Structures are given as structure tokens and as C-alpha cells.
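Each chain, written out:
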Amino acid sequence: MANELDEMTGPVNAEGRDVNVIAKQLPVKVGVGSLIFEIMLWVLGIIPGIVFLFMKTKAKTYLLKLQQKLQHDASQIDNYLEQRVVILQNTAKILEKSIDLDKSTFTQIAALRSGANSDGERNEVAQQVDKMYAQIRVAMENYPELQAHKDIQEAMRQNSYLQKEITAARELYNDTVNRWNTDIYAWPTKMIVAARAGYTTRIPFATTEEIKQQARGVFF
């Protein structure tokens, strides 16, 4: 039998293909087969029915705990974003003493400290923080002598550190999202529980098109 996917004969997309995260939540659904399965367990005897009832209770507890872990992982991202906003705010104040920095920069940075209540808002705040950092970096490039300022150097070092921590926190969050999306489709126990509870899949972190375009640029 020939290989279903044969890298030697194709088809091959020579132009390549970009990958995007699909921002869509899929509800978990079970059919009549799952209902028949549960009924049959009780028909076979009270013990199989009780055992499966116990398994569903355990699965429900597991999914509730997993939801709390998702909240914890998301909170870690928020904490690092908050710290990064503070760093940018302090850097902007230092720069203001040396150059005429756009006043709107302070207003925009302060607004970012209000936080986020959902994954979509969290991603939006992260994007705005990146833009604020870009504005500050451009201002510094126009005044090279400021780059030797001790406090600014320390702020940039902390910003670089926080960027790495945010990336790591997003990886951890995505791992938990992947575990959730996998477990809610584990039939019969977890999938039945998830469907009855009205659970849906979770959307992992995704970067913006602007960042993707920047990643394709030439840096050196």
C-alpha cells in the first residue's frame, strides 16, 4: 500500500502557507448513544450505574479544578503585563525630564493599568503595551545620549526580562488550554459531564497580524 501522504510526489504548495489560530469556541455535544450507554449501565445492575455516577462526579471535580488552573495561568500573564506597564510608565517619566515626550503617552500607559477581564482583552492590552514600548524606543533612538542613562538601561533590562516571562506564561497557559480542549472530548465520562455542563473549547493565545509581519522583516 502506498503512503497516503507522500512527500516525494506531492501535492506540494511551493508558496507556503501561514498558520492562524481559529478564534472559535466549540460546544461539547453528546448524542443519543451516550444516553443509551448510561441507561445500559443501570440495566446491567445498580453497581455499574453507581460506579459510573461516581466517575462522573470525579470528572466534574477534575474539570472544575482545571478551570481554576486556567484562571491561575491567565492571572500570571496579567501580573507580568501589569509589571511591564509600570516599567514603561517609569521609563516615560524619566524620558520626560530629558525630552519633550508626547503627553498622550502617559494617558495611554495609565489606561493599560486597568487590566483585562477576558482572553481577548488580555491580548489587546498586550498589543497596546508593545506599541507603547515601540513609541518609547523610537523616542530614545532620536536621542542616543539617553541610552547611557543608568535608570533607562535598568528599565530596558527589566522590560526585556518581563517580555520573556510573558512569553513563558503564555506557553504555560496554552498548555493548560490544550489539556482542557483534549479532556472535554474524552468519552465517555468527561465528555458527557462537559456536555451536560455546557462547556466549550478554549481559545489559545494568538499573536497579531502586525507582529507576524514584523517577524518576517529583516533585522540585520
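Placed above this text is the structure.
Residues numbered from 1 in each chain as written. Predicted model: local features only at pLDDT ≥ 70, side-chain atom pairs only at ≥ 80, totals over all residues. Heavy atoms only, no water.

Undergrad: Before we go on, may I ask you to explain the overall build of the chain in this structure?
TA: Within the chain, the secondary structure is distributed over seven helices and zero strands. The linear arrangement of helices and strands in the chain, starting from the amino end, is α-α-α-α-α-α-α. Once local pairs closer than 6 in sequence are excluded, the contacts in the chain between residues at least 24 apart make up 77%. (Helix = DSSP H or I, 4+ residues; strand = E, 2+ residues; numbered from the N terminus. Contact = heavy atoms within 4.5 Å.)

Undergrad: So what exactly am I meant to see when it comes to the packing of aromatic side chains here?
TA: Any pair of aromatic rings gets described here by the distance separating the centres and the angle formed by the planes. For the structure shown, the criterion picks out three aromatic pairs. A ring pair is formed by Phe37 and Phe52, whose centres lie 5.4 Å apart and whose planes are at 85 degrees; its orientation type is edge-to-face. Highlighted residues: Phe37 in helix H1 (residues 32-44) and Phe52 in helix H2 (residues 46-98), separated in sequence by 15 residues. One aromatic cluster in this structure is built from Phe37, Phe52 and Trp187. The aromatic ring of Trp180 is capped on one face by Arg202, whose charged end is 4.9 Å from the ring centroid. (Phe/Tyr/Trp six-rings, centres within 6.5 Å; stacked < 30°, edge-to-face > 60°. Lys NZ or Arg CZ within 6 Å of the ring centre and 35° of its normal.)

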